[in-house]
Amino acid sequence: LLALGAVPTLADEEGWTPLILASKSHEFDRAPKAFGEMVSACAREACAVIDAELEAEAETAAREDASKGLGRKKKLDTNALAAAQARRAAVEQAAIEAAVRMSTRSGFTALHAAVAFGRLNTVAPLLRHRADVNAVTEDGTTPLMRAAALGLQECIELLLKAGADPARRDVKGTSALDQAERAEQTKMAPKIWSMVGSLHQMSTDTLKRVIMAMAEA
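Please read these numbers as outputs of a predicted model, since none were measured by experiment. (Residues numbered from 1 in each chain as written. Predicted model: local features only at pLDDT ≥ 70, side-chain atom pairs only at ≥ 80, totals over all residues. Heavy atoms only, no water.)

(A) Layout of the overall build of the protein chain. Regarding its fold elements, the protein chain presents twelve helices and zero strands. Ordered by position from N to C terminus, the α and β elements of the protein chain give α-α-α-α-α-α-α-α-α-α-α-α. Sorting the 217 residues of the protein chain into buried and exposed places 37% on the buried side. Sequence separation of at least 24 residues holds for 65% of the intrachain contacts in the protein chain that already meet a minimum separation of 6. (Helix = DSSP H or I, 4+ residues; strand = E, 2+ residues; numbered from the N terminus. Buried < 20%, exposed > 50% of the residue type's maximum accessible area, 1.4 Å probe, protein only. Contact = heavy atoms within 4.5 Å.)

(B) Here's a closer look at the pattern of salt bridges. Across all of its chains, the model carries five salt bridges by this definition. Measuring nitrogen to oxygen at the nearest pair gives 3.5 Å for the salt bridge that ties Arg101 to Glu97. Of the residues examined, Arg101 reaches a relative accessible area of 39% and is grouped as partly exposed. (Salt bridge = Lys/Arg side-chain N within 4 Å of Asp/Glu carboxyl O.)

(C) Molecular detail of helix H8 (residues 143-150). Burial analysis of H8 places six of its eight residues in the buried class, which makes it a mostly covered element. At the exit of H8 stands Gly151, carrying a positive phi of roughly 70°.

(D) Inspection of the nonpolar core at higher detail. Ranked by internal contacts, the top residues of the largest apolar core, which has 35 residues, are Leu19, Leu111, Val115, Val123, Leu126, Leu144 and Leu159. Going through the elements one at a time, helix H1 (18-23), helix H3 (32-41), helix H5 (72-100), helix H6 (110-116), helix H7 (120-128), H8, helix H9 (153-161) and helix H10 (176-182) are the ones with two or more residues in this core. When near neighbours in sequence (up to four residues on either side) are disregarded, Leu111 contacts Val123, Leu126, Leu127, Ala131, Asp132, Val133, Pro143 and Leu159. (Core = buried A, V, L, I, M, F, W, Y, C linked by side-chain atoms within 4.5 Å.)

(E) How the structure looks around H3. Turning to H3, its buried residues are Phe35, Met38, Val39 and Ala41. Within H3, the buried residues cover an arc of 160° as seen down the axis, which keeps them to one side. (Arc of directions from axis to C-beta.)

(F) Expanded view of the confidence of the model for the protein chain. In this model, the protein chain carries an average pLDDT of 78, and 72% of its residues clear a pLDDT of 70 or more. Here helix H12 (residues 204-216) stands out as the least confident element of the protein chain, with mean pLDDT 50; H6 is the most confident, with 95. (pLDDT = per-residue confidence, 0-100.)

(G) How the structure looks around the environment of Val171. The residue Val171 is located in the loop between H9 and H10 in this model. Its relative accessible area of 62% is what places Val171 among the exposed residues. With 33 residues separating them in the primary sequence, Val171 and Glu138 have C-alpha atoms 8.5 Å apart.

(H) Broad picture of the environment of Arg119. You can see Arg119 is positioned in the loop between H6 and H7. Judged by its relative accessible area of 16%, Arg119 is buried. With 94 residues separating them along the chain, Arg119 and Ser25 place their C-alpha atoms 7.6 Å apart. In this view, Arg119 contacts Ser23, Lys24, Ser25, His26, Asp29 and Ala114; residues no more than four positions away in its chain are not counted.

(I) Fine view of the side chain of Thr17. Among the structural elements, Thr17 can be located in the segment before H1. For Thr17, the side chain forms a polar contact with the main-chain nitrogen of Ile20, separated by 3.1 Å. Not counting residues within four places of it along the chain, the set of residues in contact with Thr17 comprises Pro8, Thr9, Leu10, Ala11 and Met102. (Polar contact = N/O pair within 3.5 Å; in protein donor to acceptor, adjacent residues only side chain to side chain.)

(J) Molecular detail of the packing of H8 against H9. Where H8 meets H9, the axes come as close as 9 Å, and the angle between the chain directions of the two elements is 155°. Between H8 and H9, the crossing angle belongs to the class labelled roughly antiparallel. The two elements H8 and H9 meet at a crossing, and its hand is left-handed. Of H9, the residues touching H8 (which contributes Pro143, Leu144, Ala147 and Ala148) are Cys155, Ile156, Leu159 and Leu160. By residue class, the composition of the contact of H8 with H9 is eight nonpolar, no polar and no charged. (Axes fitted to C-alpha atoms, helices over the stretch in contact; angles between N-to-C directions. Parallel < 35°, antiparallel > 145°, perpendicular 65-115°, else oblique. Left-handed = near helix turned anticlockwise from the far one by under 90°. Nonpolar A, V, L, I, M, F, W, Y, C, P; charged D, E, K, R; others polar.)

Dropping the structure here:
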């Protein structure tokens, strides 16, 4: 379907996109290459114009090779080609970033989906493509809160390293640590403090004081 032009960012009336649905899929999690192809397809339309320019540059360069060799004009064409390629990379990244940050009407993102279903191999590429690590659903739930509630240590580590805010609270005032305790994942609470402290080079006690102060502010 992707080869035929299917659009991974086309949402239904509730805001669900193929990309968000794929992010919770066990099959896609086991096939990161296939998921990567879907992510790349998100930028296809945005890059179409630049791809046409690149093709034209390549044709021009080929004609120069055939008729004039590697002269000054070919050097200028090469520089233009490099500039177009850099521009394409920037446009592609921006389009993919926008795609992975899309959410349903309730605020559920691809990252929320991947975390909720424990798809670690999907969480990593989403974070690489700058998914919003602190995105919130309509009830204020962040991916970190969900990972903590499920006791997903590796996922928690990835989210914290990507900048997840452990001080964030949902509409009921619940934090990621509260989620872990309420879900009886009590062993995760000290691990979360330890991981955050290591990332910020703080002792656990110092970090607790900082976060509690932020929460009360």
